[in-house]
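Here is what each chain is made of, one letter per residue.
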Amino acid sequence: MRTLTHLALVVGTMITLSACAPAAPPPVDTAAEEAAVKAVTAAWLDAYNAGDVEKIVAMYAEDAVLMPPHAAVATGHAGIRAFLTTDAAAAKAAGVKLVPAAATAGVAGDTGWESGSYTVANASGATVDSGSYLSVSRKSNGKWLLVRDIYNSDRPLPAPAPAAAEKK
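Remember, predicted model here, so these are calculated numbers, not experimental data.

Enquirer: Please clarify how the nonpolar core should be interpreted in this entry.
Expert: In this structure, W44, Y48, Y60, L66, I80 and L84 are the most contacted members of the largest nonpolar core, which totals 27 residues. Sorting the residues of this core by element identifies α2 (31–50), α3 (53–57), β1 (60–67), α4 (76–94), β3 (97–108), β4 (111–121) and β6 (143–153) as the ones contributing at least two each. Leaving out residues up to four positions away in the same chain, L84 has contacts with W44, Y48, V53, I56, L66 and A89.

The structure is reproduced here in structure tokens:
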């Protein structure tokens, strides 16, 4: 009998304590923040196609890192500005534009990410390159800033030009 009374007391205590336990937090709707992260990429592409390097640089945190294909890593605003100034001018001279494709995004607290694909179209609209990207952002003072940004080409590098024939 004593064991049964003890068991009832333990079960009663557990029920009482479980009723006092904090409820699980409600699920967080991150759709608006994910859309904001995606909006940064859309603005980045628009600014790149317009050749507006300063607008792009403002989208990066001061300590950001940009890792472009076939080029050295660019760090901080100065490094990113230097790379993009040359790259955007070359794209404009070549008459090519970046075109976004499918993308997904996610947010956890003040960290966001987006991954997707893109194509590069020439003046006639033909695809001359394609690739994928992954961007990581941090929300600071209500604004999403890129902190890590990497993209790559799906296509191989062009073959090197044949060596000139040696003169005898």
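Back to the write-up after that little detour.
Enquirer: Which parts of the structure should I look at to understand a nonpolar patch on the surface?
Expert: A cluster of nonpolar residues, W113, L134 and I150, forms a patch on the protein surface that exposes about 250 Å² of accessible area. Here I150 lies in strand β6.

Enquirer: Is there a simple way to explain unusual backbone geometry in this structure?
Expert: Phi at H70 takes a positive value of approximately 55°, unusual for a residue other than glycine. Along the chain, H70 falls in the loop between β1 and β2 (74–75). Residue classification places H70 among the exposed residues on the basis of a relative accessible area of 58%. Despite not being glycine, N141 shows a phi value in the positive range, around 55°.

Enquirer: I would appreciate a short explanation of the pattern of salt bridges in the present structure.
Expert: A side chain of one charge can pair with a side chain of the opposite charge when the charged atoms of the two come close. Throughout the structure, instances matching the rule amount to three salt bridges. In this structure, R81 and E54 form a salt bridge, with 2.7 Å as the shortest nitrogen-oxygen distance. With R81 in helix α4 and E54 in helix α3, the pair connects residues that are 27 residues apart, well separated along the chain. For R81, a relative accessible area of 30% translates into the label partly exposed.

Enquirer: Looking at this structure, how should I read α2?
Expert: Think of an α-helix as turning once every 3.6 residues; residues three or four places apart then point the same way. An ideal rise of 1.5 Å per residue puts 28 Å on 20 residues; α2 measures up with 29 Å between its terminal C-alpha atoms. Along α2, the residues that are buried comprise V37, V40, T41, W44, L45, A47, Y48 and N49. The positive-phi residue at the C-terminal boundary of α2 is G51, with phi of around 75°.

Enquirer: So what exactly am I meant to see when it comes to the environment of L84 here?
Expert: With respect to the element layout, L84 can be found in helix α4. C-alpha separation for the pair L84 and V53, spaced 31 residues apart in sequence, amounts to 6.3 Å.

Enquirer: Is there a simple way to explain the packing of aromatic side chains in this structure?
Expert: Any pair of aromatic rings gets described here by the distance separating the centres and the angle formed by the planes. One pass over the full model with this rule turns up two aromatic pairs. Note on W44 and Y48: the rings are 5.4 Å apart at their centroids and 5° apart in plane angle, and the pair reads as stacked. Note that W44 and Y48 are positioned in helix α2 at a spacing of four residues, about one turn of the helix. Each member of the pair, W44 together with Y48, is buried.

Calculation criteria
Residues numbered from 1 in each chain as written. Predicted model: local features only at pLDDT ≥ 70, side-chain atom pairs only at ≥ 80, totals over all residues. Heavy atoms only, no water. Core = buried A, V, L, I, M, F, W, Y, C linked by side-chain atoms within 4.5 Å. Buried < 20%, exposed > 50% of the residue type's maximum accessible area, 1.4 Å probe, protein only. Helix = DSSP H or I, 4+ residues; strand = E, 2+ residues; numbered from the N terminus. Contact = heavy atoms within 4.5 Å. Patch = residues over 30% accessible without salt bridge, like charges linked within 9 Å, V, L, I, M, F, W, Y side chains within 5 Å. Areas by Shrake-Rupley, 256 points an atom, 1.4 Å probe, with all protein chains shown as cover. Salt bridge = Lys/Arg side-chain N within 4 Å of Asp/Glu carboxyl O. Expected span 1.5 Å × (residues − 1). Phe/Tyr/Trp six-rings, centres within 6.5 Å; stacked < 30°, edge-to-face > 60°.

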